[in-house]
Amino acid sequence: MKKKIFLILGLLVAVALGAVFALISYVATNANSLIEAYSPQLEQEVSEKIGMPVSFGKIDASLASFTPSLTVREPNVGGKRDPKIHIQEFRVRLSLWDLLSKKLTIDELTVVSPSIELLKDKDGIVLPSKLQKSKKKDATAPERAESQAASSTPIEVNLKRLSLEDGSFVIRDQSKEKPDLDLRAIQFSAPVLFKDGLLVVEQASIDAVASELGRVSISTRGMTIDSVNQLISLPQFAIELDPLGKLETVGRVSVAGGDLSFSQSQSALTSGAITISSSSFGKLVVQPTYSLKSKSGELQIPTIQLAYQGQEILGAGSASVKPSGISLDQLALSLLGGKADLSGSLTPESKRTQGTIILQNILLQDAVKLVPSDHPIPVTGTLASLQGTVSTSLSGNPLAAANGKLSFQVKDGSYTAANIAQQTLGALLKLPFIGDRLFEAVPEEDRTALNRSDTPIERLGGDFVIGDNGITTENFELVSPLFLLRAKGRIGFDQQLSLRSSFIVEKGLSLALASKAKELRGLMSNDERMTIPVAIRGAASAPQITPDTEEIMKLTAGKALEEKAKDFLGGVLKGKKGSVSGEVKPNIGSLFGF
């Protein structure tokens, strides 16, 4: 009896298994035709879920390990509308038993190589048009699909997991060459839930590569996407940039139609620290806090350790952000042997920026290394102080739009482009009544200074007004061992000089020159210092320094005629003429470089 029972049970199990395998075999054999019958309804279901018309291309079905799967190649999303959306293929893994019960449970939907390009116009980002909740025929769906959809039996659709492979997302302004946002190699996989027409992602992580930023990781909790109303809600998300650091939100952020809204007053972006580091330029640590609701925040920079052209720059700073603009509250730096204190502001609407700069004890010979080779600094020494306020526009040419004031003092250096004393005194040889007598007058201790190629600087500086593509001054001074140069005029940002100057010779040298060339006594002031009017023109790296001979002639001609008359009359009264020794005198031109 027991054997018969076991035999009957065995036959029942065999029949059941045979029926199951027969059903599975039928599904596997006729999968494509079954899917084809349901595809119009699936197209409509997917279209409603994403808010845009969708039509399937070629669909391949397979059954492996009792798991039905579909591959939809080259589906059409959004029709011919902008923004441009392209998907290489869908891969769908289904629940077999739910499918047999007319329930379409998608265990995982994988979107392969999705590409989305959003365009911007004057009103902002152009978002996809919402799918109208009407029974109108979608132009992208074939006529055959509509007729089949009408006769199809409705099925329940459920999606458990959504994945993206190798996606891209671009926001582009057609008027610009580079996109505003460019994410590539996007990878995403997370459990999802359709609830009351919403797509809910409880927890997800997205990895991508951003142009010029490197690897980007975005994690979110409780994200809700309402594709019909075009609303994205993010209660919490974090953005991590490798190697920059991590930003997190506090509060709820919503994006609707391209506009941000915030449901909590404490909505903010915060970060413990963002570290930007590189073996070539050093490290920068930033601690930002940004209120998304008020669109304002603070930026603390506790650590600046940078290196450029072999020079180390250390410091710290802070900034604040408001809807009206960005304010650099303080930036304190140690660099080039000294220190710099900077502050300023930027107004995005007008694209104007203004700031204050204070420099102290900067080594100019080191600063030369930081300046492009086509704009050399022909001054060495220590920039003892520089203070200035500058404003300019970031649109067009910032230098041309710059204006402001500054003053500076340089000490213990040299002007490497020329020997100003050599060129000035040497030019006096052109006066007809001077000649080589100047050579005999130069004291031996001063000849070394006149023969060198540069100009020693004890002190250099003045006050300047910035504007008209350069700076102008009324009180520029250069103090050198042999002279004092006072100038007024203009120095262009292209380093072109146009200065009217007074070359005031040191007292001992003035008396020595006047003793041999008495005509020059007309240039002597009450303090027994010779003042020579000088014009300085040309490039700062190769200046043309020429005495104002016309003015010199006016001051000296009368004295020269007087001295000549005395010599002539003296010779007549004595009954003889003055004689000139046959001795060959040294040429002053060799001394002054002529």
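What counts and how
- Residues numbered from 1 in each chain as written.
- Predicted model: local features only at pLDDT ≥ 70, side-chain atom pairs only at ≥ 80, totals over all residues.
- Heavy atoms only, no water.
- Helix = DSSP H or I, 4+ residues; strand = E, 2+ residues; numbered from the N terminus.
- Buried < 20%, exposed > 50% of the residue type's maximum accessible area, 1.4 Å probe, protein only.
- Contact = heavy atoms within 4.5 Å.
- Pairing = 2+ DSSP bridges.
- Polar contact = N/O pair within 3.5 Å; in protein donor to acceptor, adjacent residues only side chain to side chain.
- Phe/Tyr/Trp six-rings, centres within 6.5 Å; stacked < 30°, edge-to-face > 60°.
- pLDDT = per-residue confidence, 0-100.
- Core = buried A, V, L, I, M, F, W, Y, C linked by side-chain atoms within 4.5 Å.
- Salt bridge = Lys/Arg side-chain N within 4 Å of Asp/Glu carboxyl O.

> I'm lost on the overall build of the chain in this one. Help?
The secondary structure content of the chain amounts to 12 helices and 36 strands. For the chain, the residues scored as buried account for 37% of the 594 residues in total. For the chain, long-range pairs separated by at least 24 residues make up 49% of all intrachain contacts whose partners lie at least 6 apart in sequence.

> So what exactly am I meant to see when it comes to the environment of Leu383 here?
Here Leu383 shows up in strand 29 (residues 379–393). Residue Leu383 is classed as buried on the basis of its relative accessible area of 8%. Considered as a pair, Leu383 and Leu363 are 20 residues apart in the sequence and their alpha carbons are 6.3 Å apart. Beyond its immediate sequence surroundings of up to four residues, Leu383 is in contact with Leu359, Gln360, Asn361, Ile362, Leu364, Phe408, Gln409 and Val410.

> So what exactly am I meant to see when it comes to the pairing of strand 12 (residues 181–191) here?
It is a general feature of regular strands that their side chains alternate between the two faces of the sheet. In the sheet, strand 11 (residues 161–173) pairs with strand 12 via 8 bridges, with the strands oriented antiparallel. Bridging across to strand 12, Ile171 finds its partner in Leu181. Pairing analysis gives 4 bridges linking strand 12 to strand 14 (residues 198–210), with the strands arranged antiparallel. Looking at the pairing, Arg184 lines up with Val209 of strand 14.

> For this particular structure, what's the right way to read helix 7 (residues 420–427)?
An α-helical segment advances 3.6 residues per turn. Residues three or four places apart therefore align on the same side. In terms of residue burial, helix 7 counts as a mostly covered element, since 7 of its 8 residues are buried. Inspection of helix 7 places Ile420, Ala421, Gln422, Thr424, Leu425, Gly426 and Ala427 among the buried residues, and these make up the whole buried set. At the N-terminal boundary of helix 7, the capping side chain belongs to Asn419, with an oxygen 3.2 Å from the backbone nitrogen of Ala421.

> Looking at this structure, how should I read the packing of aromatic side chains?
Counting across every chain of the model gives 3 aromatic pairs. Look at Phe408 and Phe464: their rings are 5.2 Å apart centre to centre, the planes differ by 5 degrees, and that puts the pair in the stacked class. Linking Phe408 in strand 30 (residues 403–415) with Phe464 in strand 31 (residues 455–467), this pair joins segments that are 56 residues apart in sequence. Both residues of the pair, Phe408 and Phe464, count as buried. Within the aromatic cluster, the residues linked to one another by ring pairs are Phe408, Phe464 and Phe476.

> Sorry, what's going on with the confidence of the model for the chain here?
Keep in mind that low pLDDT regions are not for reading the predicted coordinates in detail. Across the chain, the average pLDDT comes to 77, with 71% of residues at or above 70. Per-residue pLDDT stays below 50 along residues 6–24; that stretch engages in 6 contacts with residues further than four places along the chain or on separate chains. Residue range residues 575–589 is modelled with pLDDT below 50. Its contacts to residues more than four positions away, or to other chains, number 12 contacts.

> Teacher, can you tell me more about the nonpolar core here?
Buried together is how nonpolar side chains tend to be arranged in soluble globular proteins. Counting residues in hydrophobic clusters, the biggest one holds 56 residues, and the most contacted among them are Phe408, Phe503 and Ile532. Excluding residues within four positions of it along the chain, Phe503 makes contact with Ile420, Ala421, Thr424, Leu425, Phe483, Leu484, Leu485, Met530, Thr531, Ile532 and Val534. If you look at the next biggest cluster of nonpolar residues, it comprises 29 residues, including Val54, Val72, Ile106 and Met223.

> What should I look at first to understand the pattern of salt bridges in this one?
Opposite charge on two side chains lets them pair, provided their charged atoms get close. Tallied over the full model, the rule gives 13 salt bridges. Where Glu474 meets Lys488, a salt bridge forms, and the shortest distance between an N and an O atom there is 3.6 Å. With Glu474 in strand 32 (residues 470–480) and Lys488 in strand 33 (residues 483–492), the pair connects residues that are 14 residues apart, well separated along the chain. Judged by relative accessible area, which is 60%, Glu474 ranks as exposed. The shortest N-O distance in the salt bridge between Arg486 and Glu477 comes to 3.1 Å. The exposure class assigned to Glu477 is partly exposed, which follows from its relative accessible area of 26%. Connected through shared salt-bridge partners, Arg73, Glu89, Arg91 and Glu165 make up one network.

> I would appreciate a short explanation of unusual backbone geometry in the present structure.
Excluding glycine, a negative phi dihedral is what most residues carry, and trans is how most peptide bonds are arranged. Although it is not a glycine, Asn361 adopts a positive phi angle of roughly 55 degrees. Looking at the element boundaries, Asn361 is found in strand 28 (residues 352–363). Its identity as a non-glycine residue notwithstanding, Asp412 has a phi of 55 degrees, on the positive side. Among the structural elements, Asp412 can be located in strand 30.

> For this particular structure, what's the right way to read the pairing of strand 29?
Bridging between strand 28 and strand 29 involves 11 bridges; their strand directions are antiparallel. Counterpart to Thr356 in the pairing with strand 29 is Thr389. Pairing analysis gives 11 bridges linking strand 29 to strand 30, with the strands arranged antiparallel. Its bridge partner being in strand 30, Gly388 is matched across the sheet by Leu406.

> Where do I start with the side chain of Ser163 in this structure?
The topology assignment puts Ser163 in strand 11. A polar atom in the side chain of Ser163 sits 2.6 Å from the side chain of Glu108. In terms of polar contacts, Ser163 uses its side chain to reach the side chain of Ser189, at 3.0 Å. When sequence neighbours within four positions are dropped, the list of residues in contact with Ser163 reads Glu108, Leu109, Thr110, Val111, Phe188 and Ser189.

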